[in-house]
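Each chain, written out:
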Amino acid sequence: MSAPVPPTVETKMATRLTSRPAFQSLTKHFESASGLHLRDLFATDPKRSERFSVDAAGLFLDYSKNRITDETMALLFELARQSGVQEHIAAMFSGEKINITENRSVLHVALRSARTDTCNVDGHNVVPDVHEVLDRMAAFASRVRSGEWKGFTGKPIRNVVNIGIGGSDLGPVMAYEALRHYSRREMIFRFVSNIDGTDFAEATHDLSPDETLFIISSKTFTTLETMTNAHTARDWLLAAAKQPAHTAKHFVAVSTNAKEVSAFGIDTANMFGFWDWVGGRYSMDSAIGLSTMLAVGPENFSRMLSGFHAMDTHFRTAPLERNMPVIMGLLSIWYNNFFGAQTVAVLPYDQYLKRFPAYLQQLTMESNGKSVTVSGHRVDYETGPIFWGEPGTNGQHSFYQLIHQGTKLIPCDFIGFAKSLNPLGNHHNLLMANVFAQAEALAFGKTEEQVRQEGTPEWLVPHRTFDGNRPSNVILAHQLTPEILGALVALYEHSVFTQGVIFSIDSFDQWGVELGKVLAKKIASELAASDDSGLNHDSSTNALMRRYRRERA
Ligand code: F6P
């Protein structure tokens, strides 16, 4: 299964992170830098926000409210160099098999390349293949959206249900919600992922089968949840349509596995393919985005791809010091590996981005939640942080208290837009005032003196004091357009990549989800059996299963 580490990236990855000279210099630098307060850093440097900000692909990143100095950044850039970040970027874009444990290229960047570009995998240019699928998706989406594609009673499709899980669900859901403003409002879009039958039941209870199209999205077409839901969907359709031949009008597949698609009973003429060099969590811009394209139309989908591409080009060509994803990745390393921060909060101040944190959780944690390096050694440092978040301002009335005054250091990414897609009264100014206010409050806090000056009784002073010095990034864009969504997702993809390279891990495999899957299959067949014999788990699992069986009966 394992393949040799590609030669261009081998040398630098071979050195343990903690042995790299820049890591050791950063460890020393941290001793003094960790004592600095953002209040003083800003007070002594009027140009700080100018220096610590960068523009790329329509996004503006202000990273000045981080606990960094020029020296910190210089050392972090040096760490990137010593870790081979530039070589790895080149290796990814040139189709090298940097997913070493699966012996695969990592070329999601090819999904958004221009028709005239070249991206080779094993000497084959994959760009024409990508555009062939995009063209087929566009033709299909146009037929459905125009009403030309009819269901079994001759009525046009009004409802689209995407069935998938993980990368075959989170990206499509997030993109649908994010681009809802651009979507076809007469159509209903639903997403079924959970193997809990409630998910399917609730998603379909008010839909007419003859107007419903199911997209079965699964890279492997073997995932238990998706295949179980797909079979339930077929039964649901057939209960109304009666004739199996009618399913052809109501089921399409998105997969890399034509054999399993046929075996399920979907004609491969109604299958939209992608390739093993697209990881599930990096696939929302492949055919996995078919539901997105049906919702927003081929033109808006292509605008989204151009936003991805703009960030890809920036990532590939900008020097490290002006490279937005590299900077974000390095800041994450700074808090994760030196300050010991365990988590990162992503706080989009846009209701359309309500599923963005959930999407990022898979992207970041399935990618960098590893504890073995590419050379098979156990790490002696922290790897990927935990990502979480909620849209603002809702989060402010729930967990922000802990971010402001708790004992944990939680770096935050605030995301905001200059223009609202729903400009109602003064809502947007109030929304954005909260972005700026939160980042300011976190950084500068409120001193005891300030609290006293407000006339606070002495016993209340400690409670009303804010230490500040809590770091944040602010990402600003003009408006939430398809292009900006693409750029934003690519920004995080490449930041995750940068961190993975520095950790010397394979960010593109996911062996950690296998064990649970295997055990669940074994237990499912045991639960189906009528007698208790042969339960050979630990005493806790055996007892739980017996109790479940009893109560179920
Ligand atoms: O959870 C593991 C995983 O393999 C993810 O990486 C992937 O996105 C998801 O399952 C779904 O896989 P598939 O698209 O093959 O159904």
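Basis of the calculations
- Residues numbered from 1 in each chain as written.
- Predicted model: local features only at pLDDT ≥ 70, side-chain atom pairs only at ≥ 80, totals over all residues.
- Heavy atoms only, no water.
- Pairing = 2+ DSSP bridges.
- Helix = DSSP H or I, 4+ residues; strand = E, 2+ residues; numbered from the N terminus.
- Axes fitted to C-alpha atoms, helices over the stretch in contact; angles between N-to-C directions.
- Contact = heavy atoms within 4.5 Å.
- Phe/Tyr/Trp six-rings, centres within 6.5 Å; stacked < 30°, edge-to-face > 60°.
- Buried < 20%, exposed > 50% of the residue type's maximum accessible area, 1.4 Å probe, protein only.
- Lys NZ or Arg CZ within 6 Å of the ring centre and 35° of its normal.
- Near = heavy atom within 4 Å.
- Polar contact = N/O pair within 3.5 Å; in protein donor to acceptor, adjacent residues only side chain to side chain.
- Areas by Shrake-Rupley, 256 points an atom, 1.4 Å probe, with all protein chains shown as cover.
- Nonpolar A, V, L, I, M, F, W, Y, C, P; charged D, E, K, R; others polar.
- Right-handed = clockwise from strand over helix to strand, strands pointing away.
- Left-handed = near helix turned anticlockwise from the far one by under 90°.
- Salt bridge = Lys/Arg side-chain N within 4 Å of Asp/Glu carboxyl O.

**Here we look at the sheet that holds strand β9 (residues 271-273)**
The strands that make up a sheet pair up through hydrogen bonds in the backbone, lying either parallel or antiparallel.
Working step 1: Here we have five strands laid out as an open sheet, ordered β6-β5-β7-β8-β9, and parallel in their pairing. Each edge of the open sheet is held by one strand with a lone partner, namely β6 (188-192) and β9. Here the strands of the sheet are splayed against their neighbours by 20° on average, with no regard to which way each runs.
Working step 2: With four bridges joining them, strand β7 (residues 212-217) and strand β8 (residues 251-255) adopt parallel strand pairing. Pairing of I216 across the sheet is with A253, part of β8.
Working step 3: Contacting β7, β8 and β9, helix α7 (residues 127-146) runs over the sheet at an angle of about 150° to β9.
Working step 4: Against the sheet, helix α10 (residues 224-241) contacts β5 (159-163), β6, β7 and β8, and its axis sits at roughly 160° relative to β7.

**Structural notes on the packing of aromatic side chains**
Working step 1: Tallied over the full model, the rule gives 27 aromatic pairs.
Working step 2: Ring centres of W334 and F338 lie 5.4 Å apart, and the angle between their planes is 40°; on these two criteria the pair is classed as tilted. Highlighted residues: W334 and F338, both in helix α13 (residues 324-339), separated by four residues, approximately one helical turn.
Working step 3: Judged by its relative accessible area of 0%, W334 falls in the buried class.
Working step 4: By relative accessible area, F338 is classed as buried at 11%.
Working step 5: Seen from their ring centres, F497 and F508 are 6.1 Å apart, and the 45° between their planes marks the pair as tilted. In this pair, F497 sits in helix α19 (residues 482-503) while F508 sits in the loop between α19 and α20 (514-528), placing the two residues 11 residues apart along the sequence. The same class applies to F497 and to F508, which are both buried.
Working step 6: Among the aromatic residues, ring-to-ring pairing joins F23, F30, W334, Y335, F338 and F339 into one connected group.
Working step 7: Taking NZ or CZ as reference, R48 lies 5.2 Å from the ring centre of F42, over its face.
Working step 8: The positively charged end of R234 is found above the aromatic ring belonging to F264, 4.3 Å away from the centroid.

**Some thoughts on the site of the ligand**
Working step 1: Around the ligand, the structure places 14 residues, and the nearest of them are S168, S218, T220, T223 and E366.
Working step 2: With respect to the ligand, the backbone of G167 contributes an N or O atom lying 2.7 Å from an oxygen atom.
Working step 3: Within the side chain of Q362, an N or O atom sits 3.2 Å from an oxygen atom of the ligand.
Working step 4: When the ligand is considered free in solution it has 390 Å² of accessible area, and contact with the protein chains removes 87% of it.
Working step 5: Taken together, the residues that form the shell around the ligand break down as two nonpolar, nine polar and three charged.

**Things to note about the pairing of β5**
It is a general feature of regular strands that their side chains alternate between the two faces of the sheet.
Working step 1: Of all five residues making up β5, five are buried, and the element is well covered by its neighbours.
Working step 2: Pairing geometry for β5 and β6, over five bridges, is parallel. Paired with I163 across the bridge in β6 is V192.
Working step 3: In terms of handedness, the path from β5 via helix α8 (residues 170-178) over to β6 forms a crossover that is right-handed.
Working step 4: When β5 meets β7, the two strands line up parallel, connected through five bridges. Each residue of the ladder has a partner; that of N162, found in β7, is I215.

**Describing unusual backbone geometry**
Working step 1: In this structure, the amide linkage connecting G392 to the following residue, T393, adopts the cis form with an omega of 5°.
Working step 2: Residue position: T393 is located in the loop between β11 (386-388) and α15 (400-405).
Working step 3: Residues other than glycine seldom take positive phi values, yet A57 does so here, at roughly 50°.
Working step 4: Within the secondary structure, A57 is located in the loop between β1 (53-56) and β2 (59-62).
Working step 5: Overall, A57 belongs to the partly exposed group, its relative accessible area being 29%.
Working step 6: Despite not being glycine, F221 has its phi angle at roughly 60°, a positive value.
Working step 7: Here F221 lies in the loop between β7 and α10.
Working step 8: Its relative accessible area of 1% is what places F221 among the buried residues.

**Topic: the packing of helix α12 (residues 290-317) against α19**
Working step 1: Close contact between α12 and α19 brings their axes to 7 Å; oriented N to C, the two are set at 40°. For the pair α12 and α19, the sense of crossing is right-handed. Residues N300, R303, M304, S306, G307, F308, M311, D312 and F315 of α12 lie in contact with α19, whose contacting residues are P482, E483, L485, G486, A487, V489, A490, L491, E493, H494, F497 and T498.
Working step 2: Taken together, the residues that form the contact of α12 with α19 break down as 11 nonpolar, six polar and four charged.

**Describing the pattern of salt bridges**
Working step 1: Applying the stated criterion across every chain yields a total of 27 salt bridges.
Working step 2: R470 is paired through a salt bridge with D467; the nearest N and O atoms lie 3.9 Å apart.
Working step 3: Using a relative accessible area of 10% as the deciding quantity, one classes R470 as buried.
Working step 4: Where salt bridges share partners, they join R112, D285, D312 and E493 into one cluster.

As far as function goes, none of this settles anything; it's purely spatial.
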